[in-house]
Every structure is written in structure tokens, then in C-alpha cells.
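Structural overview
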Amino acid sequence: MDWMAGLGAIMPETRGELAALQRRSLPKGLDLFAPGDRAQGFPLVLAGRVEVYLTGPSGREILLYAVEQGQSCIQTTLGLLGDEPYSGTAATVSEAEVVTIPKPLFLRLMDRDPAFRGFVLRSFGQRMADLTRLLESVAFGRVEARLAGALLDLAEGGVVRATQSEIAARIGSAREVVSRKLDSFAKAGWVATERGEVHLRDEAALRRARGH
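Remember, predicted model here, so these are calculated numbers, not experimental data.

1. Describing the sheet that holds strand E7 (residues 96–102)
Adjacent strands of a sheet pair through backbone hydrogen bonds, lying either parallel or antiparallel. Taken in spatial order, the three strands make up an open sheet running E1-E7-E3, and their pairing is antiparallel. The open sheet is flanked by strand E1 (23–26) and strand E3 (41–47), the only strands paired with a single partner. Adjacent strand axes in the sheet meet at a mean angle of 35° when their direction is disregarded. Two elements, E1 and E7, share four bridges in a ladder whose sense is antiparallel.

So this is what it looks like as C-alpha cells:
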């Protein structure tokens, strides 16, 4: 599969330079950047999933966004275009395959190739819209609705395999709050909890709690 297809009608010279870049296979659980680091290149995720978190002074984490095939990393774009250091942490949560465009080449393509520049700016705009929706949900959404939505989104075969801390980071809440809400969901017969797993028992009820 041509991984450059999603970049649009890029110039032949651009295509040639990108084709020379090496694809890298990354293991699950690899840290890609940390707060204070500087962006050295623009990664394109070809397969797998990378998650970007913010960690507060108390140690509480919130999942900002995930980067999957064809998506871009907001913090990396800001770092390359605005010379801003990373404020979050990124890690692979599955095996992944990426191509990284070195910073000098990325900046040269931004200046030279309108199609490449359009891809970067469109991707950035789409991810900013996702981030805005997350902030609205955290600021104004009820914890029950956010938790129900996260369980439905994460479930595979009716089972969510994640710790309460991981779920809390995803919805921007505290582990203790998630624990209490899961207990109430369990008492209502919506879920059953085991160590590191949540089994969905009443998905219709969870969809109603989510609000759609």
C-alpha cells in the first residue's frame, strides 16, 4: 500500500524524497517523547496507535488524543512550526509502524509543496477540533456520561481491558471517581468488573447514559 496516498497531490520531487525515508517498527510501550523534549521530526503513523498524555503535579494523567494511521500529532506540529517544547508524553500502546520526516525536510516541504502544506494544516485542524471536543467533555460533561462513552469505545467483544487508572486518564477524572462510578454501574447491572477488565452487561443502558 502506498503510504503517501493520504498526502494528496504532492510534487514528484516531494514523493521521491519521502520514498527514501525508512519505515520503523516500534514495540508496544515505547516512550516517544516527554515534557521538555524538542521535536526532531514529523512522524506519520502507518499502523498501530500512539497515545499522548498530560501529567499534572499530583501525578494525575489525562489522555489528550491518540494518533493512528493517517493522523498527526498536534504537539509535534506545534514543536516544528512554533519551536515549542513538548508539554505531554507520548507512548505506543500497540506495536506500531512509523515514518518520520526529519525537521529540515519537513520545513522545506512546508515552504515548497502546497499539497504537503495543505495536508499538514488540515490534519492539524482536525486534531484541534478533536481536542476541543475533549476539553468540552471534560469541562462540561457528566462523569457518568464520559465513563459510559469510554467503556463503549474501548470494548472489544464486550470486554474493556484497561486499569481504572487508564480509564480515568482517558476521561479526565481521578481513579477513585472511576472506581465509585464503576461500582454503581455494576450494582445497576450494566457492567461486571474484574482485575484489569470491565465486562459490559447492558450496552443499551450505557448508550443511554452516554447520551446518544
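2. So, the UniProt feature "domain: Cyclic nucleotide-binding" (unreviewed entry) in the chain
Within this structure's numbering, the places UniProt gives as "domain: Cyclic nucleotide-binding" (unreviewed entry) are residues 20–127. With 31% helix and 35% strand, residues 20–127 has end C-alpha atoms that lie 27 Å from one another.

3. Quick word on helix H7 (residues 175–187)
Over its 13 residues, H7 extends 18 Å from the first C-alpha to the last, a length consistent with the 18 Å expected when each residue adds 1.5 Å. Of all the positions in H7, only Val177, Val178, Ser179, Leu182 and Phe185 are classed as buried. The elements touched by buried residues of H7 are helix H5 (143–154), helix H6 (164–171), strand E9 (191–194), strand E10 (197–200) and helix H8 (203–210). At the exit of H7 stands glycine 189, carrying a positive phi of roughly 85°.

4. Focus: the pattern of salt bridges
A full pass over the atoms with the stated rule returns 14 salt bridges. Note that arginine 170 is salt-bridged to glutamate 51, the shortest N-O span being 2.9 Å. With arginine 170 in helix H6 and glutamate 51 in strand E4 (residues 50–55), the pair connects residues that are 119 residues apart, well separated along the chain. Judged by its relative accessible area of 22%, arginine 170 falls in the partly exposed class. Judged by its relative accessible area of 5%, glutamate 51 is buried. Look at the salt bridges and you will find they share partners, linking Glu13, Glu17, Arg108 and Arg112 into a network.

5. Digging into the side chain of threonine 14
Considering the arrangement of structural elements, one finds threonine 14 in helix H1 (residues 12–19). Here threonine 14 is in contact with Leu109, Arg112 and Asp113, once residues within four sequence places are set aside.

Parameters at a glance
Residues numbered from 1 in each chain as written. Predicted model: local features only at pLDDT ≥ 70, side-chain atom pairs only at ≥ 80, totals over all residues. Heavy atoms only, no water. Pairing = 2+ DSSP bridges. Helix = DSSP H or I, 4+ residues; strand = E, 2+ residues; numbered from the N terminus. Axes fitted to C-alpha atoms, helices over the stretch in contact; angles between N-to-C directions. UniProt positions renumbered as here; feature names shortened; annotations may be inferred. Expected span 1.5 Å × (residues − 1). Buried < 20%, exposed > 50% of the residue type's maximum accessible area, 1.4 Å probe, protein only. Contact = heavy atoms within 4.5 Å. Salt bridge = Lys/Arg side-chain N within 4 Å of Asp/Glu carboxyl O.

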